[in-house]
Amino acid sequence: MQIDNGEKKLCLEIESACRMESVEQYNRRDCLLFSGLHEHEHETTTTKVIETAATMGIFIEPTDVSISHRLASRNRARSQLKPIIAKFVRKEVKNNVYQARANSRNSLDHYNVFIREQLTKDRSKALYMLREKGYRVTTTQGRLNVQNSEQTAVINSLLDLQTKLNWSNDEMEELFKK
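Our subject in this report is the structure included herewith. Values in this document were obtained by computation on a predicted structure and should not be read as measured data. (Residues numbered from 1 in each chain as written. Predicted model: local features only at pLDDT ≥ 70, side-chain atom pairs only at ≥ 80, totals over all residues. Heavy atoms only, no water.)

### Overview of the overall build of the protein chain
- Scanning the protein chain for helices and strands turns up 7 helices and 7 strands.
- Mapped in sequence order, the helices and strands of the protein chain form the string α-β-α-β-β-α-α-β-α-β-β-β-α-α.
- Taking all 178 residues of the protein chain together, 41% fall into the buried category.
- Sequence-distant contacts, at least 24 apart, represent 56% of the contacts inside the protein chain between residues at least 6 apart.
- Of the roughly 11,300 Å² that the protein chain leaves accessible, carbon and sulfur atoms contribute 48%. (Helix = DSSP H or I, 4+ residues; strand = E, 2+ residues; numbered from the N terminus. Buried < 20%, exposed > 50% of the residue type's maximum accessible area, 1.4 Å probe, protein only. Contact = heavy atoms within 4.5 Å. Areas by Shrake-Rupley, 256 points an atom, 1.4 Å probe, with all protein chains shown as cover.)

### Considering the nonpolar core
- Leu 130, Leu 144, Val 146, Leu 161, Leu 165, Trp 167 and Leu 175 are the most contacted members of the largest nonpolar core, which has 21 residues in total.
- Of all the secondary-structure elements, those providing two or more residues to this core are α1 (5–27), α5 (121–132), β6 (143–147), β7 (152–155), α6 (160–165) and α7 (169–176).
- Ranked by residue count, the leading element in this core is α5, at 4 residues.
- Contacts of Leu 130, omitting those with residues within four sequence positions, involve Tyr 135, Val 137, Leu 144, Val 146, Leu 161, Leu 165 and Trp 167.
- Listed in part, the 19 residues of the second largest apolar core include Leu 37, Ala 53, Ala 100 and Ile 115. (Core = buried A, V, L, I, M, F, W, Y, C linked by side-chain atoms within 4.5 Å.)

### Quick notes on the pairing of β6
- Strand direction decides the pairing type here: strand β5 (residues 136–140) and β6, joined by 5 bridges, are antiparallel. Of the residues in β6, the one forming a bridge with Thr 139 is Leu 144.
- Hairpin connection between β5 and β6: a loop of 2 residues separates the two successive antiparallel strands, and Gln 141 in this loop has a positive phi of roughly 50°.
- Relative to β7, β6 runs antiparallel, the two sharing 4 bridges. Counted as the bridge partner of Asn 145 is Val 154 from β7.
- Once β6 ends, the chain turns through 4 residues before running back antiparallel as β7. (Pairing = 2+ DSSP bridges.)

### Brief notes about α1
- With 23 residues, α1 extends 33 Å between its outermost C-alpha atoms, agreeing within 8% with the 33 Å of an ideal straight helix rising 1.5 Å per residue.
- Among all positions of α1, only Leu 10, Ile 14, Cys 18, Glu 21 and Gln 25 are buried.
- In the core, the buried residues of α1 are packed alongside α5, α6 and α7. (Expected span 1.5 Å × (residues − 1).)

### Describing the packing of aromatic side chains
- Evaluated as defined, the whole model comprises 0 aromatic pairs.
- The ring centre of Tyr 26 lies 3.9 Å from the NZ or CZ of Arg 29, which sits over that ring.
- Positioned over the ring face of Tyr 98 is Arg 101, at 3.8 Å from the centre of the ring. (Phe/Tyr/Trp six-rings, centres within 6.5 Å; stacked < 30°, edge-to-face > 60°. Lys NZ or Arg CZ within 6 Å of the ring centre and 35° of its normal.)

Below, the structure is given as structure tokens:
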């Protein structure tokens, strides 16, 4: 089978975009997003993160959080709660908080609090595209864990969508469309 120059160029562009996205995701590996936490005028976001972790039975110190702040968004209504992003000093602490997040859903004090990994825009889009196709998708350390009745795959890089799930160049192009 012969690949023409246009197809070859598209393959190289997809590969390049996937490599850049992987580096960007690697830089987010120690971050979690906390959604649904109410805002107070003189709040300290690090304290909010510590208190939320404590309700899940995970006790962390202020020194375990490198930085935290609320995220603003042009698309979010002013009345909507802004999520908190927290970057942890150690991956182990971040993983402990993330693994215990199911407990936060049962706490009456923190009802409607959701904790998720910070994914790149493209990885988030891939997650939603996969869910639309009927896959069950979870994340662990930035990887997409993809499952349906026929197969299970771990997506470490977005290139894995082609190699493990047989995504076409058209689907990859759609993923990276801005």
